[in-house]
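The chain contents come next:
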Amino acid sequence: MSVPAQIRTETSARNIQLHPLSRRIMHWVNAAAIIVMIGSGWRIYDYYPALPVHFGFPPKWTLGGDFTITEAISNDDGLVNALLWHFAAMWVLVLNFLAYVIVGFVSGHFRRDFLPISPGAFLHDFFAALRGRLGHQLGEYNAVQKVFYWGVLAAILVTILSGLSIWKPVQLQWLTALFGGYEFARVVHFFGMAAIVGFLVVHLTLTALVPKTLVAMVFGRVSDTPHPGNGE
Amino acid sequence: MSRLVLERKPEVTTIERRLFLRQTLSLGALTLLTGCDISDHSSVQTVLKAMSRWNDRAQAFLFSDKRLAPTYAESDVVHDFRYNAFFPVSDVPRLAAANYRLELSGLIGDKRPWTVEQIYALPQQSQITRHVCIEGWSMIGKWSGPRLGDFLQRVGADLSAKYVGFECADGYTGSIDMPTAVHPQTIMALKFADEIIPAKYGYPFKVRIPTKLGFKNPKWVTTIYVTNRYPGGFWEDRGYNWFSGS
């Protein structure tokens, strides 16, 4: 790769606005809401698992307070707090998600940053990533990242909708029917959560590998030297 | 059993699960001591309770007196329905029709108590609906009995009042909003699966409300009252969402 010297200097001293304030706020509000929803959801799951397997989330990973304290205060052993958290944070999650999607479409953020994606580019970048040969440049998403962002947006949407359908199987019965009835909607809700958690694992791992992305999501801008993948 | 559990606890499986939870908990007790879970702080509790009241309003807004709960086929009915209360099935109230009286109080015109025979004389209807528990389990059952709305009208209840409250023979209490009380599917279920409702399911009747979660369906009801003052209830006083519609 031969790059003219003056351009190289320019790119190596790049200090660009990556994330406007509105996006950073929505990202962190979403992060907090998702953590509360997952933590409280795991506690709720443990009281009557949706899956027919002997599996529960360790209570220390769940949100809903100390069992002994809750029992002393309200004579309940921990489900009540998890439910209160879940049905409080859902408003934050849904409103923030709607705002993010609307702003994403209207501002051109989705079109500019998450598109285009071609199957060829995805496969190329996917295998390059597996070989550890995928370059990363702040502010530009490769095809794998684009697919991941669309994927997690879809997972959040499905989890919200299936959640609404098990929250209101009478008032929103058309939605419950869409998810295959009350019992199946619970399973969909679980796997929607699992997909989000799967995304989070990859998302946090990559953030740890490229910490500047975290700086960018906190402060909005960061000076970046593009670091190409090995050999590219 | 000191833990109070009603309408949302599978008897035996819950106890096993609790043991499992507690054992895991004691393993993680040391890490818990750092106290990263803020649920029990009073300021957090204040916010959560405020959000719960907001959710009461949101659910009342979503509720429609014309929208019926989905109904199912006879073949979907579960006959071995789960017994659910905060005491073992051997301790359920066994009310005798001869001594039983349904007391009425509050904003009700004719407060004369009702006998079981009088309740049975009212026109009845059946429904096959899904009972959804706040814990997440659900079961389809068949219940029959007079509409609570018809009953309230007959005794001259103030239908413009806000709340209908229940007191039960086991010490349980509950309350619902008036629109739900007069919903066409809210019934005083005298029968379960075409048989006289057995003691373990609430004899002489259970208030069956398919538009609400299971714990809002009181059994062994001995008093019905109408009021404008928020009555709360057994689980509601412990922090569970009051409206708890489905």
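Remember, it's a predicted structure, so these values are computed and weren't measured experimentally. Here the residue numbers are simple positions, counted from 1 along each chain's written sequence. Each chain is given a letter, starting from A, and each ligand a number, starting from 1, according to the order in which they appear as written. Per-residue local features of the predicted model are confined to residues with pLDDT of at least 70, and side-chain atom pairs are confined, for both listing and counting, to 80 or more; whole-chain, interface and lining totals are unaffected and use all residues.

1. Some details on the overall build of chain B
Looking only at helices and strands, chain B has six helices and 10 strands in total. Exposed residues have 12 or fewer other C-beta atoms within 10 Å of their own C-beta, buried residues have 20 or more, and residues in between are partly exposed; the C-beta atoms are placed from the backbone. Here chain B holds 246 residues, and 40% of them are scored as buried. Considering only residue pairs separated by 6 or more positions, chain B has 72% of its internal contacts joining residues 24 or more positions apart. Here a helix means four or more residues in a row that DSSP labels H or I, a strand means two or more in a row labelled E, and each is numbered from the N terminus. Residues are treated as contacting if the C-beta atoms built from their backbones sit within 7 Å of each other.

2. With respect to the sheet that holds strand S2 (residues 125-132) of chain B
Across a sheet, paired strands are connected by hydrogen bonds in the backbone, their directions being either parallel or antiparallel. All names here are of chain B. The pairing criterion is simple: DSSP has to find at least two bridges between the two strands. Read from one edge of the open sheet, four strands run S2-S3-S7-S8, paired in antiparallel fashion. With partners counted over all chains shown, the strands left at the sheet margins are S2 and strand S8 (195-196), one partner each. Where strand S3 (residues 138-145) and strand S7 (residues 191-192) come together, two bridges link them in antiparallel fashion. Bridge pairing in S7 places Ser 144 opposite Lys 191.

3. Re the interface of chain B and chain A
Across the boundary between the two partners, chain B contributes 36 residues, which contact 37 residues of chain A. Elements with a contribution of two residues or more to the side of chain B that touches chain A: helix H1 (11-27), helix H2 (29-32), helix H3 (42-62) and S2 of chain B. Any residue that is not Ala, Val, Leu, Ile, Met, Phe, Trp, Tyr, Cys, Pro, Asp, Glu, Lys or Arg is counted as polar, Gly included; the first ten are nonpolar and the last four charged. Of the residues assigned to the side of chain B that touches chain A, the class counts are 15 nonpolar, 13 polar and eight charged.

4. So, the pairing of strand S5 (residues 173-177) of chain B
Pairing geometry for strand S4 (residues 163-168) of chain B and S5 of chain B, over five bridges, is antiparallel. In the strand pairing of S5 of chain B, Phe 166 of chain B is matched with Gly 174 of chain B.

5. Quick look at the sheet that holds strand S1 (residues 103-106) of chain B
All names here are of chain B. The four strands lie next to each other as S1-S10-S4-S5, forming an open sheet whose pairing is mixed. Each having just a single partner strand, S1 and S5 make up the two edges of the open sheet. Across the sheet, the mean angle separating the axes of adjacent strands is 20 degrees when strand polarity is ignored. Angles shown run from 0 to 180 degrees and are taken between the N-to-C directions of axes, each axis being a line fitted to C-alpha atoms and, for helices, limited to the stretch in contact.

6. With respect to the nonpolar core
Ranked by size, the top nonpolar core spans 69 residues in total, and within it Met 188 and Ala 189 of chain B carry the most contacts. Ranked by the residues each element gives to this core, the list is headed by helix H4 (residues 79-107) of chain A, at 11 residues. Think of a nonpolar core as buried Ala, Val, Leu, Ile, Met, Phe, Trp, Tyr and Cys residues chained together by C-beta atoms that fall within 7 Å.

7. A word on the packing of helix H6 (residues 119-130) of chain A against helix H7 (residues 143-167) of chain A
All names here are of chain A. Taken N-terminus to C-terminus, the directions of H6 and H7 make an angle of 105 degrees; their axes are 7 Å apart at the nearest point. Judged on the interaxial angle alone, H7 and H6 are roughly perpendicular. In this structure, H6 uses Ala 121, Phe 122, Asp 125, Phe 126 and Ala 129 to contact H7, whose residues at the interface are Ala 143, Val 144 and Val 147. Counted by class, the contact of H6 with H7 contains seven nonpolar, no polar and one charged residues. Any angle that is under 35 degrees is reported as roughly parallel, and any over 145 degrees as roughly antiparallel; angles of 65 to 115 degrees are reported as roughly perpendicular and all others as oblique.

8. Re unusual backbone geometry
Residue Pro 116 of chain A is reached from Leu 115 of chain A by a cis peptide bond, and omega for that bond is -5 degrees. Its identity as a non-glycine residue notwithstanding, Asp 194 of chain B has a phi of 70 degrees, on the positive side. Within the secondary structure, Asp 194 of chain B sits in the loop between S7 and S8.

9. Describing H6 of chain A
A helix's residues, less one, multiplied by 1.5 Å, set its expected span. Under the 1.5 Å per step criterion, the end-to-end length of H6 of chain A is 16 Å for 12 residues, consistent within 8% with the ideal 16 Å. Gly 132 of chain A sits one or two residues past H6 of chain A and shows a positive phi near 70 degrees.

10. Quick word on the environment of Leu 172 of chain A
All names here are of chain A. Within the secondary structure layout, Leu 172 lies in the loop between H7 and helix H8 (173-178). Residue Leu 172 is classed as partly exposed on the basis of its 18 C-beta neighbours within 10 Å. Every residue in contact with Leu 172, bar those within four places of it in the chain, is listed here: Leu 164 and Ser 165.

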